[in-house]
Amino acid sequence: MAAISPSNLTVTTISLTMADIGPLNPLPVVAAELDQPYTVGEGVPEELQAAARYGVVPNVFPYLMQDGYTREAAPKELPAVVLENSKLRATVIPSLGGRIWELFDKVTGKQLLHTHGAPQLANIALRKAWFAGGLEWNIGTRGHSPTSCDPLHTAIVHTLDGKHILRVWEFERLREVVFQVDIWLPAESAVLFAAVRIRNPNDHDVPMYWWSNAAIPETDRTRVIAPADEAFGSDYATDITRVRPTDHNGYDGTWLVNSPHAADFFFDIDPSERRWVVAADDDGDGLAMLSTGRLRGKKLFVWGQGQGGKRWQEWLSPVAGPYAEIQAGLARTQFEHLSMPAGAEWSWVEAYGNGHLDPDTSHGSDWEAAVAHAGQRLEELLAHEELEAMLPDAITDGDVPPSTMLLHGSGWGVVERARRRRTGKGWIDESGTPFVDESITAEQEPWLELLKGKAFDGAPSFVAGADWEELLEGQESPEARFHVATMRHARQDLEGAQAAYREVLAAGGVQSRTLALAHRGLGLALLADGADREGLEELRSGVQADSSNTALLTEAVTLSIRHDQPAQALELLESAPNLESAPKEGAAVGRLRFLKALALARVGKAGDAAAILREGVEIPDLREGEDAIAALWEEVRPGEAVPFNYQFGMH
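Residues numbered from 1 in each chain as written. Predicted model: local features only at pLDDT ≥ 70, side-chain atom pairs only at ≥ 80, totals over all residues. Heavy atoms only, no water.

## Overview of the overall build of the protein chain
Next up, step 1: On a plain count of helices and strands, the protein chain comes out with 17 helices and 25 strands.
Next up, step 2: For 651 residues, the compact-globule formula gives about 26 Å, and the C-alpha radius of gyration of the protein chain, at 25 Å, lands near that figure.
Next up, step 3: Considering only C-alpha atoms, the protein chain reaches an extent of 70 × 65 × 50 Å along its principal axes.
Next up, step 4: A fraction of 70% describes how many contacts in the protein chain between residues 6 or more apart in sequence connect residues 24 or more apart.
Next up, step 5: As displayed, the protein chain offers around 24,200 Å² of accessible surface, 49% of which is attributable to carbon and sulfur atoms.
Next up, step 6: Seen as two clouds, the 57 positive and the 95 negative side-chain charges of the protein chain have centres 3 Å apart. (Helix = DSSP H or I, 4+ residues; strand = E, 2+ residues; numbered from the N terminus. Rg over C-alpha atoms; globule rule 2.2 N^0.38 Å. Contact = heavy atoms within 4.5 Å. Areas by Shrake-Rupley, 256 points an atom, 1.4 Å probe, with all protein chains shown as cover. Lys, Arg positive; Asp, Glu negative; His and termini not counted. Charge placed at Lys NZ, Arg CZ, Asp CG, Glu CD.)

## With respect to the packing of helix H6 (residues 412-423) against helix H8 (residues 466-473)
Next up, step 1: Their axes nearest at 11 Å, the elements H6 and H8 cross at an angle of 75°. Comparing the axis directions of H6 and H8 gives the class roughly perpendicular. In contact with Val415, Arg419, Arg422 and Thr423 of H6, H8 contributes Asp467, Trp468 and Leu471.
Next up, step 2: Across the contact of H6 with H8, the residue classes break down as 3 nonpolar, 1 polar and 3 charged. (Axes fitted to C-alpha atoms, helices over the stretch in contact; angles between N-to-C directions. Parallel < 35°, antiparallel > 145°, perpendicular 65-115°, else oblique. Nonpolar A, V, L, I, M, F, W, Y, C, P; charged D, E, K, R; others polar.)

## Considering the environment of Ala122
Next up, step 1: Note that Ala122 resides in strand S6 (residues 122-125).
Next up, step 2: When its relative accessible area of 0% is taken as the criterion, Ala122 is described as buried.
Next up, step 3: A sequence separation of 416 residues divides Ala122 from Glu538, and the C-alpha atoms of the two residues are 30 Å apart.
Next up, step 4: Discounting residues that sit within four places of it in the chain, Ala122 has contacts with Tyr69, Lys128, Ala129, Trp130, Trp315, Leu316 and Pro620. (Buried < 20%, exposed > 50% of the residue type's maximum accessible area, 1.4 Å probe, protein only.)

## Some words on the packing of aromatic side chains
Next up, step 1: With the rule as written, the count across this model stands at 18 aromatic pairs.
Next up, step 2: Aromatic side chains Trp211 and Phe266 sit 5.9 Å apart centroid to centroid with 75° between the ring planes, which places their arrangement in the edge-to-face category. Separated by 55 residues along the polypeptide, Trp211 in strand S14 (residues 210-217) and Phe266 in strand S18 (residues 263-267) bring together distant segments of the chain. Each of the two residues, Trp211 as well as Phe266, counts as buried.
Next up, step 3: With 5.4 Å between their ring centres and 75° between their planes, Trp447 and Trp468 make a pair best called edge-to-face. (Phe/Tyr/Trp six-rings, centres within 6.5 Å; stacked < 30°, edge-to-face > 60°.)

## Describing the sheet that holds strand S9 (residues 153-158)
Next up, step 1: Ordered by their spatial adjacency, 9 strands build an open sheet running S15-S19-S20-S24-S12-S11-S10-S9-S25, and the pairing between neighbours is antiparallel. Every interior strand has two partners, whereas the edge strands, strand S15 (223-225) and strand S25 (404-407), have only one. Put simply, the sheet's adjacent strands are angled 20° from each other on average, direction ignored.
Next up, step 2: Summarising the sheet, strand S20 (residues 287-291) and strand S24 (residues 345-354) pair through 5 bridges and their orientation is antiparallel. Opposite Ala288, over in S24, you have Gly353 as the bridge partner. (Pairing = 2+ DSSP bridges.)

## Let's talk about the nonpolar core
Next up, step 1: Membership of the largest hydrophobic core comes to 96 residues, with the highest contact counts inside it found for Leu316, Trp447, Trp468, Val557 and Leu613.
Next up, step 2: Ranked by the residues each element gives to this core, the list is headed by helix H15 (residues 587-602), at 8 residues.
Next up, step 3: Not counting residues up to four positions away in its chain, the partners in contact with Trp468 are Val415, Arg419, Trp447, Leu450, Leu451, Val463 and Met487. (Core = buried A, V, L, I, M, F, W, Y, C linked by side-chain atoms within 4.5 Å.)

## Considerations on the confidence of the model for the protein chain
Next up, step 1: Per-residue pLDDT for the protein chain averages 94, and the proportion of residues at 70 or more is 96%.
Next up, step 2: Taken as a whole, residues 581-585 scores under 50 in pLDDT and shows 6 contacts with residues more than four places along the chain or in a different chain. (pLDDT = per-residue confidence, 0-100.)

## Quick look at the side chain of His116
Next up, step 1: Along the polypeptide, His116 turns up in the loop between strand S5 (110-111) and S6.
Next up, step 2: Among the polar contacts listed, one links the side chain of His116 to the backbone oxygen of Ala132, at a separation of 3.3 Å.
Next up, step 3: Beyond its immediate stretch of four places on either side in the chain, His116 contacts Leu16, Trp101, Ala132, Leu316, Ser317 and Ala320. (Polar contact = N/O pair within 3.5 Å; in protein donor to acceptor, adjacent residues only side chain to side chain.)

## Quick notes on unusual backbone geometry
Next up, step 1: Residue Phe61 is joined to Pro62 through a cis peptide bond whose omega torsion reads 15°.
Next up, step 2: Position of Pro62 relative to the elements: it lies in the loop between helix H1 (46-53) and strand S2 (74-84).
Next up, step 3: Phi is positive for Asn249, which is not a glycine, with a value near 55°.
Next up, step 4: Inspection of the secondary structure puts Asn249 in the loop between strand S17 (241-243) and S18.
Next up, step 5: We classify Asn249 as exposed; its relative accessible area is 62%.
Next up, step 6: Notably, Val319 is not glycine yet its phi reads approximately 55°, a positive angle.
Next up, step 7: Relative to the assigned elements, Val319 resides in the loop between helix H2 (307-316) and strand S22 (323-329).
Next up, step 8: For Val319, a relative accessible area of 87% translates into the label exposed.

## Things to note about the environment of Gln180
Next up, step 1: Considering the arrangement of structural elements, one finds Gln180 in strand S11 (residues 177-184).
Next up, step 2: For Gln180, a relative accessible area of 2% corresponds to the buried category.
Next up, step 3: When the C-alpha atoms of Gln180 and Thr433 are compared, they prove to be 7.7 Å apart, with 253 residues separating the residues in sequence.
Next up, step 4: Excluding its chain neighbours within four sequence positions, the residues that come into contact with Gln180 are Arg167, Val168, Trp169, Ala195, Val196, Arg197, Arg199, Gly398 and Thr433.
Next up, step 5: Of note is the side chain of Gln180, whose polar atom sits 3.4 Å from the side chain of Asp182.
Next up, step 6: From its side chain, Gln180 meets the backbone oxygen of Gly398 in a polar contact 3.3 Å long.

## Things to note about the pattern of salt bridges
Once their charged atoms are close, side chains differing in charge can pair, the charge on each being opposite to the other.
Next up, step 1: Taken as a whole and judged by the stated rule, the model has 48 salt bridges.
Next up, step 2: Of the charged contacts, one joins Arg197 and Asp399 as a salt bridge, the two residues approaching to 3.0 Å between their closest N and O atoms. Here Arg197, found in strand S12 (residues 191-199), pairs with Asp399, found in the loop between helix H5 (384-397) and S25; they are 202 residues apart in sequence, far enough to count as distant.
Next up, step 3: Owing to a relative accessible area of 4%, Arg197 belongs among the buried residues under this scheme.
Next up, step 4: Shared partners join several salt bridges into a network, and the residues in it are Asp67, Lys128, Arg591, Asp621, Arg623 and Glu626. (Salt bridge = Lys/Arg side-chain N within 4 Å of Asp/Glu carboxyl O.)

## Thoughts on the pairing of S9
Next up, step 1: Across the 6 residues of S9, 5 count as buried, placing the element largely inside the fold.
Next up, step 2: For S9 and strand S10 (residues 164-172), the ladder comprises 6 bridges, and the chain directions are antiparallel. Looking across to S10, one finds that Ile156 is bridged to Leu166.
Next up, step 3: Count of turn residues in the S9/S10 antiparallel hairpin: 5 residues, of which Gly162 carries a positive phi of about 95°.
Next up, step 4: Bridge count for S9 against S25 is 3 bridges, and the pairing is antiparallel. Paired with Thr154 across the bridge in S25 is Leu407.

## Quick look at H1
Next up, step 1: Every buried residue of H1 is listed here: Leu48, Ala51 and Ala52. Down the axis of H1, the buried side of the element spans an arc of 105°, and every buried residue falls inside it. Facing away from the buried side of H1 by over 90 degrees, the exposed positions are Glu47 and Arg53.
Next up, step 2: The elements touched by buried residues of H1 are strand S16 (231-234).
Next up, step 3: Positive phi appears at Gly55, one or two residues downstream of H1, with a value of about 80°. (Arc of directions from axis to C-beta.)

Written as structure tokens, this is what we have:
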């Protein structure tokens, strides 16, 4: 590692063993596929229920999915920035969502965050790819952020009053807002600071969501404390209800190892109370998360002590040990969105350090005493008034121009600025968060050319919004018509989407990729309309039009089985070239092996299905809580215990 500079901020690299993100999934995300795992039960206030109904999106269009990874890891060097003083050392990885990967307490020699050298990509985020550990930033809608595994624009900022700030920022495409995180560590400070700013440049309100998620080491004696007697809780199998975390279904859920299954506890902190949550191990050490008033929500998440929870942790962090999460968000719970007014800017400051609690009190049976003690210790760590007083300066610092650019994020901020200028719409002051032409790639170039009045002949990426539809409606190419169809489809205008897809299919000279995706889009729209036979036939035609598109094949096989056509699924799989001999082609190969076993079981060939499972099936993009492999094993191998490797149930 490079020597620590006088500014206590060092640009360096970090060595991690992990898989590549892989290529983006080329299929536009048009179906209504974001499920809501929570239903609201007893004791939940009406305003919270209303916030849960508000702002729900059907999908994450125009983003593409990141599911081209495998579980074949290799050592790699990633750019990193280290902030260090005599008490703490924080390591940030700008190329992976700007995540704070390590927070090391020099006084105790303890890592305050769950961190390790071999993060494993898995299907946990809104765009699938995600990895466990560190402290991450989540924006847009419920789930791990679309930017979780993306490089963010990154720079070092030097302020006039002597701060040395690491800044990351990006244009978030789902809500069309700009967010930034300024991270700094003053000399001799026992806490690391992060100032977050979200700016809504739109002339209308937008539903807003933000949660900062910190993974913490889980030990047999780790307890999580927050200033609340009650919480809104769920164990992923029951409704969200008002609960007492210290007396939940017969156990004290504030002790991490007490929860039998995965569980969420959203602490119901009174608005008059200071916002904090802290973890304490056997010595009383552990991460404290504090924030200014806007960041109201505080949460505890545990995987639980069941086989599924243990398997998930082993799947995500091999040999790294168990972990839990403490989190901080804008709303009381993660199933709510808040209304962010047109043109608004929201800012707050977060602080992270070692709570240094007295274990005799923090681990005692008196919850009120534990809360009072933790509150006092955190006040000694960082006074409430001192933290609140930092906010005005943090807001001012947010516009200080970067001193040194370190990394470029996506080029979508450049595209959005160009779109707004063309249509006379407002935009942000980019002084502190510049979007530069050097960030433009082949994903954005066709859209910039369209804004300049050039003919549109297709793009590997997708856009959303009335302005784009109007521009594309003025084009005559089948490619433009296809993109109009996807935008209609993504907002669930099924009739309009079907009409546009049919126009593409009726046109001459359509590129094979577009032809396949138009068949696919029409098939999905028909299935959503209840026309199963016609929809599945269109999916088959899509696979035939582009047999090299593994993502298209995987989806068609999955939907054929789901709609009770396993024979068609097997026919499609027979058309897949070299399925068994291509183990390194990405996540789809393992999933297709499983789908073949599932289809065989559905056509009555349980023995053949069982043989595939006995040989071994690994699905790199297994969805969080997905227990399909275990269910199939129980079906085709009745009476035999499900192998540990196949146990992924959350409950």
